[in-house]
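Tertiary structure, described
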Amino acid sequence: QVQLVESGGGLVQPGGSLRLSCAASGSIFGINAMGWYRQAPGKQRELVARIFNSGSTNHADSVKGRFTISRNNAKNTVYLQMNSLKPEDTAVYYCYAGALVPTMTNYWGQGTQVTVSS
């Protein structure tokens, strides 16, 4: 089993920054990628960013140049540095870990609220 604990959400003014953290524990040998989805009220959950075991990353077009995903392998932790935040970034952010073995499975963190408002 995989457990994900995320932190770092909060209230920030437009143009400000936040750093989300997600620590993985448990049976993590099968994890191929980790990242974040976000969901705003009335909208579908969307992929924000992910990082693969190879080190390759994907970022949604809406956050490119502002958000950066990274990892600390020794701590089994991934980070999302969020700069130049906009009100439209307001959402609940969910950390996820994707595994391919023993079966294709996504594991989810508890979610953390990010609110960007003056």
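Scroll up a little and you will see the structure.
Cut-offs applied
Along each chain, residues carry numbers from 1 onward, in the same order as the chain's sequence is written. The model is predicted, so local features are restricted to residues of pLDDT at least 70 and side-chain atom pairs to those at 80 or more, both for listing and for counting; the totals for chains, interfaces and linings are taken over all residues. The basis for the side-chain values is all heavy atoms of the structure; hydrogens and waters are excluded. Numbering of helices and strands starts at the N terminus; helices are DSSP runs of H or I of at least 4 residues and strands are runs of E of at least 2. Whether a residue is buried, partly exposed or exposed follows from its accessible area with a 1.4 Å probe, protein chains only, as a fraction of its type maximum: under 20%, in between, or over 50%, in that order. Polar contact criterion, stated in full: a pair of N or O atoms within 3.5 Å, where within protein one must be able to donate a hydrogen and the other to accept it, and residues adjacent in sequence count only if both atoms are side-chain atoms. A contact between two residues is defined here by any heavy atoms of the two lying within 4.5 Å. Pairing of aromatic rings covers Phe, Tyr and Trp, the last counted by its six-membered ring, and requires centre-to-centre distances within 6.5 Å; plane angles under 30 degrees mean stacked, over 60 mean edge-to-face, and any other angle means tilted.

1. Considerations on the environment of Ser70
Counting through the fold element by element, Ser70 comes out in strand E7 (residues 67-72). We classify Ser70 as partly exposed; its relative accessible area is 34%. Distance from Ser70 to Leu80, taken between C-alpha atoms, is 6.6 Å for residues ten residues apart in sequence.

2. A word on the environment of Ser54
With respect to the secondary-structure elements, Ser54 resides in the loop between strand E5 (46-52) and strand E6 (57-59). For Ser54, a relative accessible area of 62% translates into the label exposed. Separated by 22 residues in sequence, Ser54 and Asn32 place their C-alpha atoms 8.7 Å apart. Reaching out from Ser54, the side chain makes a polar contact with the side chain of Ser56 at a distance of 3.3 Å.

3. A look at the side chain of Thr112
Examined against the element boundaries, Thr112 turns out to sit in strand E11 (residues 112-116). Polar contacts involving the side chain of Thr112 include one to the main-chain amide nitrogen of Gly9, which spans 3.3 Å. Among residues more than four places away in sequence, those in contact with Thr112 are Glu6, Gly9, Leu20, Ala91, Val92 and Tyr93.

4. Notes on unusual backbone geometry
Each neighbour pair has its own omega, and for Val101 with Pro102 the value is 0 degrees, a cis peptide bond. Locating Pro102 in the fold gives a position in the loop between strand E9 (91-99) and strand E10 (105-108). Residue Asn76 is not a glycine yet carries a positive backbone phi of 50 degrees. With respect to the helices and strands, the residue Asn76 is situated in the loop between E7 and strand E8 (77-82). We classify Asn76 as partly exposed; its relative accessible area is 32%.

5. Focus: the packing of aromatic side chains
Evaluated as defined, the whole model comprises three aromatic pairs. When the centroid spacing of 5.4 Å and the interplanar angle of 65 degrees are considered together, the rings of Tyr37 and Trp108 count as edge-to-face. Of the two residues, Tyr37 sits in strand E4 (residues 31-39) while Trp108 sits in strand E10, which places them 71 residues apart along the sequence. Members of the aromatic cluster, connected to one another through ring pairs, are Tyr37, Tyr96 and Trp108.

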